Amino acid sequence: MKRIFSGVQPTGNLHLGNYLGAIRNFVRLQSDFDCIFCVVDLHALTLWQEPEELRRHTREVTAAFLAAGVDPKSNIIFNQSQVRAHAELAWIFNCVARIGWLNRMTQFKEKAGKNRENASAGLYVYPNLMAADILAYKATHVPVGDDQRQHLELCRDIAQKFNHDYGVDFFPIIEPQILGSATRVMSLRDGSRKMSKSEASDMSRINMTDGADEIARKLRKATTDPDLLPGPEVLGEDGALPEETRRARPEAYNLLGIYAALADEDWTAVLTRFEGKGFGDFKKALVELAVAKVGPIGDEMKRLTADTGAVDAVLREGAERARAISEPILQECQDIVGLLRP
Ligand code: TYM
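Residues numbered from 1 in each chain as written. Predicted model: local features only at pLDDT ≥ 70, side-chain atom pairs only at ≥ 80, totals over all residues. Heavy atoms only, no water.

Enquirer: What am I meant to see in the overall build of the chain here?
Expert: Summing up its helical and strand segments, the chain has 15 helices and five strands in all. The C-alpha radius of gyration computed for the chain amounts to 21 Å, which stays within 12% of the reference 20 Å derived for 342 residues, consistent with globular compactness. The principal-axis extents of the C-alpha atoms in the chain amount to approximately 70 × 45 × 45 Å. Taking all 342 residues of the chain together, 51% fall into the buried category. Long-range pairs, those at least 24 residues apart, make up 77% of the contacts in the chain with a sequence separation of at least 6. Surface accessibility of the chain: about 15,700 Å² in total, with carbon and sulfur atoms responsible for 50%. If you average the places of the 43 positive and of the 48 negative side-chain charges in the chain, the two averages end up 3 Å apart. (Helix = DSSP H or I, 4+ residues; strand = E, 2+ residues; numbered from the N terminus. Rg over C-alpha atoms; globule rule 2.2 N^0.38 Å. Buried < 20%, exposed > 50% of the residue type's maximum accessible area, 1.4 Å probe, protein only. Contact = heavy atoms within 4.5 Å. Areas by Shrake-Rupley, 256 points an atom, 1.4 Å probe, with all protein chains shown as cover. Lys, Arg positive; Asp, Glu negative; His and termini not counted. Charge placed at Lys NZ, Arg CZ, Asp CG, Glu CD.)

Written as structure tokens, this is what we have:
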């Protein structure tokens with residue numbers, strides 16, 4: 001059986017990268033897979049969160065799933081802390097994963113920054129909890145943006161080591177699903193940095209709740225270069241954009257990639273359309289497209305976030321269904337490792 005699991009942290013400022021790299025793919029995959037989508041509030045706690053803000057952001061991420069088109073009847077939507085298997089399995093995985101593996105995690109290094117001694121212990125074992133999220137449901141496919149690649153490798157390592165150490169074939173070896181032409185959306189101010197919730201400047205990202213005026217202002221001010229836009233001859237034989245080409249004009253290819261993803265067109269189509277044009281013309285088209293695609297989702301998110309009763313009902317029902325799947329898997333795992341259930 002193929003089962004999808006993915007999660008989004010309720011840390012505020014959901015942006016176009018979260019949408020194009022992950023949430024939009026959830027909507028596309030929901031008809032072909034049995035899907036579980038989680039608001040990972042326990043992960044959010046690894047960095048300081050104001051309690052009231054955390055509650056609000058948990059509802060906001062739920063609203064984003066719903067507004068983007070995830071159907072809460074055919075899929076499960078819930079928040080992580082309401083299902084005990086996540087934290088309990090994470091503890092077992094804390095005892096499977098090796099410190100050497102965690103030391104190699106680039107996201108820990110980025111998030112802990114220079115003051116590593118002062119980072120929470122939770123931030124360090126963050127990837128073990130992520131593996132628990134996925135494997136508590138024996139999910140096989142995990143749709144994420146490119147920045148989660150290393151964490152998913154660790155999830156595979158944990159499953160493999162667990163199966164090997166206990167001589168079982170219990171946990172599946174997952175397949176990352178890094179899909180589409182915007183798997184790594186970059187900052188609008190600096191094409192060498194990822195678009196991120198935590199970037200201080202709001203001008204660096206398009207938030208999913210931005211209105212038409214904000215979207216237009218941010219895209220008009222987005223950093224570009226002085227050259228005209230290239231044609232499809234820059235693409236490789238496979239129609240993909242070679243990495244060294246992207247690196248030479250990171251801001252231009254970021255905006256073109258966003259256009260391609262929003263328009264649902266491939267690189268060839270987009271580069272053919274804008275070949276030889278200046279950024280003025282291109283940005284006009286990009287603003288129009290972004291407002292048309294993101295605007296209605298943001299409006300619906302705002303409407304849903306205000307309707308806390310309806311959102312909470314989705315989370316409550318989702319948690320119940322999530323428990324029904326994860327509880328027997330957790331118990332079997334406890335039996336395998338020798339935790340007595342008298
Ligand atoms: P988070 O909350 O940082 O991001 C949610 C999703 O958005 C993707 N994403 C991006 N995609 C393209 N361009 C960007 N600039 C960009 N920024 C973020 C992320 O890759 C992610 O798919 N650790 C995860 C949450 C998590 C999870 C899981 C994911 C916890 N448990 C289990 C999958 C399976 C995270 O911090 O995502």
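We are not done yet, so read on.
Enquirer: I'm lost on the site of the ligand in this one. Help?
Expert: Neighbouring the ligand are 28 residues; Tyr-126, Asp-133, Asp-147, Val-185 and Lys-197 lie closest to it. At a separation of 2.7 Å, a nitrogen atom of the ligand approaches a polar side-chain atom of Asp-133. Between the ligand and Asp-147 there is a distance of 2.4 Å, counted from an oxygen atom to a side-chain nitrogen or oxygen. Contact with the protein chains removes 97% of the 710 Å² of surface that the ligand exposes when unbound. Mapping the ligand onto the cavity grids shows that it belongs to the largest pocket. For the shell around the ligand, the elements supplying multiple residues, two or more each, are strand E1 (3–8), helix H1 (16–29) and helix H8 (126–135). Class assignment for the residues of the shell around the ligand results in twelve nonpolar, eleven polar and five charged. (Near = heavy atom within 4 Å. Polar contact = N/O pair within 3.5 Å; in protein donor to acceptor, adjacent residues only side chain to side chain. 1 Å grid on protein atoms, 1.4 Å probe; cavity = no way out; pocket = protein on both sides within 12 Å on 5 of 7 lines; lining within 4 Å. Sits in = over half its atoms within 2 Å of the grid points. Nonpolar A, V, L, I, M, F, W, Y, C, P; charged D, E, K, R; others polar.)

Enquirer: Got a minute to help me understand the layout of surface pockets in this structure?
Expert: One way to see where empty space is left: roll a probe the size of a water molecule over the atoms. In this structure, the largest pocket spans a volume of roughly 1,200 Å³. The wall of the largest pocket is formed by 45 residues, among which Gln-107, Lys-111, Asp-147, Gln-148 and Lys-194 lie closest to the centre. Where the lining of the largest pocket is concerned, the elements lending two or more residues are E1, H1, helix H6 (106–112), H8, strand E4 (141–143) and helix H9 (149–166). In this structure, the second largest pocket occupies an estimated 420 Å³ of space. (Points joined across faces, edges and corners; volume = space filled by probe spheres on them.)

Enquirer: Just to check I follow, could you spell out the packing of helix H12 (residues 250–263) against helix H13 (residues 267–274) for this structure?
Expert: Axis angle and axis distance: for two packed helices, these are the angle between their axes and the distance between the axes, and together they describe the pair. Between H12 and H13, the least distance of the axes is 9 Å, while the angle of their chain directions is 115°. Between H12 and H13, the crossing angle belongs to the class labelled roughly perpendicular. Relative to H13, H12 is oriented so that their crossing is right-handed. Across the interface between the two elements, Tyr-253, Leu-256, Gly-257, Tyr-259 and Ala-260 of H12 pack against Trp-267, Val-270, Leu-271, Arg-273 and Phe-274 of H13. Of the residues in the contact of H12 with H13, the class split is eight nonpolar, one polar and one charged. (Axes fitted to C-alpha atoms, helices over the stretch in contact; angles between N-to-C directions. Parallel < 35°, antiparallel > 145°, perpendicular 65-115°, else oblique. Left-handed = near helix turned anticlockwise from the far one by under 90°.)

Enquirer: Teacher, can you tell me more about unusual backbone geometry here?
Expert: Most peptide bonds are trans, and most residues other than glycine sit at a negative phi. Of note, Asn-13 is a non-glycine position whose phi angle comes to about 55°, a positive value. Locating Asn-13 in the fold gives a position in the loop between E1 and H1. Looking at Asn-13, the relative accessible area reads 33%, which means it is partly exposed. Notably, Asp-264 is not glycine yet its phi reads approximately 60°, a positive angle. Take Asp-264: it is sitting in the loop between H12 and H13.

Enquirer: Mind showing me how you'd approach the domain arrangement of the chain here?
Expert: When the parts of a complex come together, some accessible area is lost, and that lost area is often taken as the interface size. The domain boundaries assigned to the chain delineate domain 1 (3–182 + 308–337) and domain 2 (202–304). Taking the mean C-alpha position of each, domain 1 and domain 2 sit 29 Å from one another. Taken together, the contact between domain 1 and domain 2 spans 19 residues of the former and 17 residues of the latter. Of the roughly 1,600 Å² buried between domain 1 and domain 2 on both sides combined, carbon and sulfur atoms contribute 69%. By the criterion of area lost to domain 2, the three top residues of domain 1 are Leu-16, Ala-67 and Ser-181, representing 33% of everything that side buries. If you look at where domain 1 meets domain 2, you find one salt bridge. Measuring nitrogen to oxygen at the nearest pair gives 2.7 Å for the salt bridge that ties Asp-264 to Arg-28. For the interface between domain 1 and domain 2, the tally reads five residue pairs in polar contact (both at pLDDT 80 or more). Taken together, the elements giving at least two residues each to the side of domain 1 that touches domain 2 come down to H1, helix H3 (51–68) and helix H15 (308–337). (Domains from an automatic or database assignment. Buried area = accessible area lost by both parts, 1.4 Å probe. Salt bridge = Lys/Arg side-chain N within 4 Å of Asp/Glu carboxyl O.)

Enquirer: What am I meant to see in the environment of Ser-326 here?
Expert: Looking at the element boundaries, Ser-326 is found in helix H15. Judged by its relative accessible area of 0%, Ser-326 is buried. In the structure, Ser-326 is positioned 88 residues away from Asp-238 in sequence and 41 Å away in space, judged by C-alpha atoms. Setting aside its immediate chain neighbours within four residues, Ser-326 contacts Val-83, Ala-85, Ala-136 and Tyr-137.

Enquirer: How should I be thinking about the pattern of salt bridges in this particular structure?
Expert: Proximity of charged atoms lets side chains of opposite charge pair with each other. This structure, assessed with the given rule, holds 22 salt bridges. With a closest N to O distance of 3.3 Å, Glu-53 and Arg-56 form a salt bridge. With Glu-53 and Arg-56 both in helix H3 and three residues apart, the pair spans about one turn of that helix. Taking the shortest distance from any N to any O, the salt bridge between Arg-249 and Asp-225 comes out at 2.7 Å. With Arg-249 in the loop between helix H11 (243–248) and H12 and Asp-225 in the loop between helix H10 (212–221) and H11, this pair connects stretches of sequence that are 24 residues apart. Residues Arg-249 and Asp-225 agree in their burial class; the two are buried. Each of the salt bridges in this network shares a partner with another, and the network as a whole consists of Asp-202, Arg-205, Asp-210 and Lys-218.

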